[in-house]
Amino acid sequence: MRRRITLTVAVALLLAGPAAADLATSKHNLSTSGPGPIAADSESRLCVFCHTPHNARPAVPLWNHESSVETYSTYTSTTLQVATPLNDPDGSSKLCLSCHDGTVALGQTVNDGLISLLNTGTGGRMPVGRANLGSDLTDDHPVSFVRTPANLETVDPPPGDPVKLDDAGKVQCISCHEPHVEDIDPVELRFLVKDNRQSAICTTCHAVDFWTANPSSHQSSTASYGVAQGAHTGYGTVRDNGCASCHRPHSGNEPQRLLKFAEELTCDACHDGTVAQKNIAVEFSAKTYTHPTYDTAGVHDASEHPTDPTFPLPETDPGARRHAECQDCHNPHATYDANASAPNVTGALAGTWGVNAGGSRVDPAPYQYQICYKCHAGSANKPQEGGLPNPPYTDRQIVQFDVALEFDPSNPSHHAIEGPGRNGNVPSLIGGYDESSILYCTDCHNNDDAPGSGGTAPQGPHGSDFNHILERNLNYGDNNTGSNYGQMYAMCFKCHSQTSILNDVSFGEHDKHIRGEDTSCMVCHDPHGVSGTQGSDTANSNLINFDLSVITPSGSGQLRFEDQGTFRGACWLTCHGEDHDPLTY
Amino acid sequence: MKRRALYFLAFTAVALLAIAPAAAQADVVDTMHNLSSTAGADQITDISTDEDQICVFCHTPHQASPAAPLWNHTQSAVASYGVYTSPTLDASDITDIGGGSDVSLLCMSCHDGTVGVNSLGNPANDTGANPTMGSGNELNASGQIAAGRPTNMGSSLADDHPVNFTYDAALATADGELATPVSASYVDAAQNVPLFGGMVQCASCHDPHDNTNVPFLTMTNSGSQLCSTCHQK
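What counts as what
- Residues numbered from 1 in each chain as written.
- Chains lettered and ligands numbered in written order.
- Predicted model: local features only at pLDDT ≥ 70, side-chain atom pairs only at ≥ 80, totals over all residues.
- Helix = DSSP H or I, 4+ residues; strand = E, 2+ residues; numbered from the N terminus.
- Rg over C-alpha atoms; globule rule 2.2 N^0.38 Å.
- Buried ≥ 20, exposed ≤ 12 C-beta atoms within 10 Å, placed from the backbone.
- Contact = placed C-beta atoms within 7 Å.
- Core = buried A, V, L, I, M, F, W, Y, C linked by C-beta atoms within 7 Å.
- Pairing = 2+ DSSP bridges.
- Axes fitted to C-alpha atoms, helices over the stretch in contact; angles between N-to-C directions.
- pLDDT = per-residue confidence, 0-100.

1. Looking at the overall build of chain A
Along its length, chain A carries 16 helices and 13 strands. On C-alpha atoms alone, chain A measures out to a radius of gyration of 33 Å, which is more than a quarter above the 25 Å that the 2.2 N^0.38 rule sets for 585 residues. Here the C-alpha coordinates of chain A stretch approximately 120 × 40 × 40 Å along the principal axes. Sorting the 585 residues of chain A into buried and exposed places 41% on the buried side.

Now the structure itself:
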C-alpha cells in the first residue's frame, strides 16, 4: 500500500504539464489550483464544490452545493409562445443558480460544510457582475420550458448536437453551457457547449425566418463590430457576432426579446455611422420632419397584429399614440441588400408584415405600400376628419386620411401606388415614367438628402427637412411669389416636366394659375387621390380636390370641377376674387 | 533540464519508498474500522467494550458467509437500494445490489444502518457472543450506525455515486469524458483504482483497511485526483 501511494505521487508529478482545456483551467475550478481570482485558500479538490459521491442533494447529478431557496422573476415576452411568464427554473438550472443567483456562498456545500474561498463577493457569494444573475431572470434567456412546435421559428436541436434538451425536453442552462469546460468557444470563454461563432449555438434552436435564406445583412455582413463598437462576445464582425450583435442572452438592457438596448437604441448602436455604412440615426436627430421613432417609447410591440387585442395594428383606439419604431418597417432578421421595382419591397423592407388594400395582414408584405398601410390606412389614430392635426394638412373639399382609400385603383383618380393611374394621357411624365408606371410611396416621401434628390444619405422616409417627409420641396396654397418654380414645386416636377406643365401641354391654364396667380399645384390637386366612396369620375378626375383655404364657391354657390374630356373641363368656384361660374377650357 | 527533473523525481520516489514511515491509519488497527476494544489511533468513540479481536467484525476463518471474502458480518435484509439514474448516465448495466451477492453489498451490511455493527455470523470464541458496543456517539443502542451520520447511507443508493456497473472501454467511449480502464482489474496504470470483474464497486474508491486517504480512499483525492482518475472533465 505504501508503495502504491508513493508511485501515485511520482506519476502525478510526472504527468503534470501544461493543462489542457478542461475544468482545471477554468474559472469553475474553485480549488487552490484554480486560475482565480475566486479560489479556495486550502481546499485542493475541484469536484467538491458541486459534486459529492454520497448523500447528494439533489441526488442527480450527485450535487453537493447548497441549493438556493430564492424565488425568481422569470422571462416574459409578448411574443413568447410558451407559458408567460415562465415557471421558476427547475432541473439542473436550479443547480447553476445555487451559485449564480448570488444568494448562497460559493463554498457552501451539503456534505463538506463551508469551504473557504478568496475574492468572493459579500458573504462568500458571487460578486456583483455578469455572472451574478440575481433573482430577476426577466432579462435572461428562459430555461426550464418545453418548446412549442407552434413556434415555427424554433426547432429541437438535432440528435448528437452539443446543444441538448434535458430528459424532459426542456431547455436548461446546460443546453448552452458546459460547466466543466470554459473555452470550447475560445473567443467568448463563457462555458459554451460549442463554438458560437456566427451564433452556431443560437441557431441550433432558433430557425429565424429569412436569416439564412436571404441571407440577412445582419447574418452576412463582415463590417467590423468588435469591443470598441459595443460587441460583448469578443468577435469582431457583424457576421461573427450574429444574433449577439443585437441580442444578449443574459442581462441586456431590454428584457423582452433579450435586446441589448431599448427599441431604436439597439439599431442605432450600429446604424449611427460607426458600423453600418449609412448613418440612419442622424436622420432622426438632424431633420425637421421625421417618423416618430425616437419620440415615442414603449408604444410599439413586436406582437402587433390586426387581431391582437392588446397591440392592434392598424390601431383601433383613436387616442393611441402614433409610433413608428424601426421594426415597424424593417425586419432585422430579413433585411438585406436587394433592389426591386415598384411596388415590390426592396431588401431593406424584406420580411416585414404589412396590411393589404383590403385591410388584412400580409406577412411578409410583398409590396412597399402595404407596410405604409399599417399606420397610414385604417389606423384609428391617424389624423381625423373634423380635427385637422398638427402639422396642418391641406383643408380639402373631400377629406380623407385613409391612404388605402386614396390609392384605390378604381378611384376617379389616384397616384399609381397600388396600380397604374386612371389617366391614360399624361404628357408631362418624365424620368422614365409613363402612364403604366407604378410608384413607391418613397418616390415622394423620402430623405431629402438621398440619391433620389441627388444626395448620398440613406434612402427611406426616416426624416426630411421638407414637411410630410417629402423628398423635395413643395410649396402649398396661394401667394407663392418668386420665379424659381423648379424649387417651389420640385416634388411635382420630379416626374411631371416643368416645361410641359408651364407650356400648358395638358391643362391649358396651368401657366396662368402657377405663374400668373402664384398658386401651388396643391390648391387644385390632391396628390394621393380621391376616393371613389366620396368623389366621382366627373368631378374628381385628374386628382382634382380643391383647397378650401384658397378656393370658395362661385357666384351661383357652386364649388365643383367637371371633366369634359381630354384636356377639357369646367370649374365653378371663386379664386383670387375671380368668379368661375363656370369657366371652361 | 527535463531529464534532470525526471532523475530527481525518480530519486524522490525511490527515497520515499525507502524512508517513508508507516503512515498513520495505513493499518486497519489505527482506523475507524477497528471496532474492537484494542487501542488504536483514530477509532470511533463507541468501540466494543468486550471484544478485542479486530478482524472478527468482518471476517471469519471458517464457515464464512459469503465464503469470499471470508465474511462474518450479518448481511442486510434490505431487498432493494435503488440505483442512481441520470439523463447523462451512459452505464447501462447498473444493478441494484439489494438482496444480491455483489461485493458492495458487504459494505452495506453496516453502512445502510439496518444491522448492528456487532451482528456477527460467528462471534469470537473467547466471548461466545456478539460484541457489546458503546453507543450514543457513532452508534445507536442497537449497535447500528446512528441515523444522520454521513456514514449511514440508508437504504437508498439513488443519491450516491453508482456502483455495480461495468466500466470498460465501451463505456468510456460512450461517455466521452471517462478514462479508458487499463484492464478489467484496474482503471489506471498505477493500479490505484481497482475494478472487480470489470465493475465499479465501493472498493474501487474505498479501501476499508487503510485510511491514509480519509475517508478510506484508494488514493489521495487532493486536487480531486481520485475523481479525475475516471472523470476527465
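2. A look at the overall build of chain B
The number of helices and strands found in chain B is 5 helices and 2 strands. Ordered by position from the N terminus, the helices and strands of chain B form the series α-α-β-α-β-α-α. In chain B, which comprises 233 residues, the proportion classed as buried is 39%. Here the analysis covers contacts within chain B between residues at least 6 apart in sequence; of these, 55% occur between residues at least 24 apart.

3. Observations concerning the nonpolar core
Core analysis: the biggest nonpolar cluster contains 42 residues, and Phe 57, Val 117, Tyr 167 and Val 200 of chain B have the highest contact counts within it. Of all the secondary-structure elements, those providing two or more residues to this core are helix H2 (104-111), strand S2 (199-200), helix H4 (202-205) and helix H5 (225-230) of chain B. Looking at this core element by element, the count peaks at 5 residues for H2 of chain B. Setting aside its immediate chain neighbours within four residues, Phe 57 of chain B contacts Leu 35, His 73, Val 117 and Leu 120 of chain B. With 34 residues, the next largest nonpolar core counts Leu 106, Ile 174, Cys 176 and Leu 192 of chain A among its residues.

4. Here we look at the sheet that holds strand S12 (residues 569-575) of chain A
All names here are of chain A. Read across the open sheet, the 3 strands follow the order S11-S12-S13; overall the sheet is antiparallel. Single-partner strands in this sheet number two, and they are strand S11 (560-563) and strand S13 (578-584). Strand-to-strand twist across the sheet, computed as the mean angle between neighbouring axes with direction ignored, equals 10 degrees. Pairing of S11 with S12 involves 4 bridges; the strand directions are antiparallel. Along S12, the bridge assignment pairs Phe 561 with Cys 571.

5. So, the pairing of S12 of chain A
Residue and element names in this part refer to chain A. Side chains of S12 alternate between two faces, with Gly 569, Cys 571, Leu 573 and Cys 575 buried and Ala 570, Trp 572 and Thr 574 left unburied. In textbook terms, the turn of a hairpin is the stretch between consecutive antiparallel strands, and for S11 and S12 this stretch comprises 5 residues, one of which, Gly 565, has a positive phi near 110 degrees. Relative to S13, S12 is paired through 5 bridges, and the arrangement is antiparallel. Bridge pairing in S13 links Leu 573 to His 580.

6. Looking at H2 of chain B
Residues and elements named next belong to chain B. Of all 8 residues making up H2, 8 are buried, and the element is well covered by its neighbours. Taken residue by residue, H2 has Ser 104, Leu 105, Leu 106, Cys 107, Met 108, Ser 109, Cys 110 and His 111 as its buried positions. Where H2 ends, the next residue or the one after it, Gly 113, has phi of about 80 degrees, a positive value.

7. Looking at helix H2 (residues 92-100) of chain A
Each α-helix turn comprises 3.6 residues. Residues three or four places apart therefore point the same way. All names here are of chain A. Here H2 lies mainly inside the structure; 9 of its 9 residues are buried. Along its buried surface, H2 packs onto helix H3 (173-176). Count one or two residues on from H2 and you reach Gly 102, which has phi positive near 75 degrees.

8. Examining the environment of Arg 190 of chain A
Here Arg 190 of chain A shows up in the loop between H3 and helix H4 (202-205). Exposure remark for Arg 190 of chain A: the 21 C-beta atoms within 10 Å place this residue in the buried category.

9. Brief notes about the environment of Ser 228 of chain B
Residue and element names in this part refer to chain B. Along the chain, the position of Ser 228 falls in helix H5. For Ser 228, a count of 18 C-beta atoms within 10 Å corresponds to the partly exposed category. A sequence separation of 51 residues divides Ser 228 from Glu 177, and the C-alpha atoms of the two residues are 9.9 Å apart.

10. Side note on the confidence of the model for chain B
Predicted coordinates in regions of low pLDDT should not be interpreted in detail. This prediction gives chain B a mean pLDDT of 90; 89% of its residues lie at or above 70. We note a pTM of 0.87 for the whole complex and an ipTM of 0.86 for its interfaces.

11. Notes on unusual backbone geometry
Each neighbour pair has its own omega, and for Val 60 of chain A with Pro 61 of chain A the value is 5 degrees, a cis peptide bond. Mapped onto the secondary structure, Pro 61 of chain A falls in the loop between strand S1 (39-40) and H2. For the peptide bond that leads from Val 214 of chain B to Pro 215 of chain B, omega is 0 degrees, which places it in the cis range. Looking at the secondary structure, you find Pro 215 of chain B in the loop between H4 and H5. Even without being glycine, Glu 263 of chain A reaches a positive phi, approximately 45 degrees. Relative to the helices and strands, Glu 263 of chain A resides in the loop between helix H6 (238-241) and helix H7 (264-268). Given 20 C-beta atoms within 10 Å, Glu 263 of chain A falls into the buried group.

12. Quick look at the environment of Asp 159 of chain B
With respect to the helices and strands, the residue Asp 159 of chain B is situated in the loop between H2 and strand S1 (165-166). Overall, Asp 159 of chain B belongs to the buried group, with 21 C-beta atoms counted inside 10 Å. As a C-alpha pair, Asp 159 of chain B and Tyr 84 of chain B span 75 residues in sequence and 6.2 Å in three-dimensional space. With residues near it in sequence (within four places) discarded, Asp 159 of chain B still touches Asn 55, Ala 56 and Ala 59 of chain A.

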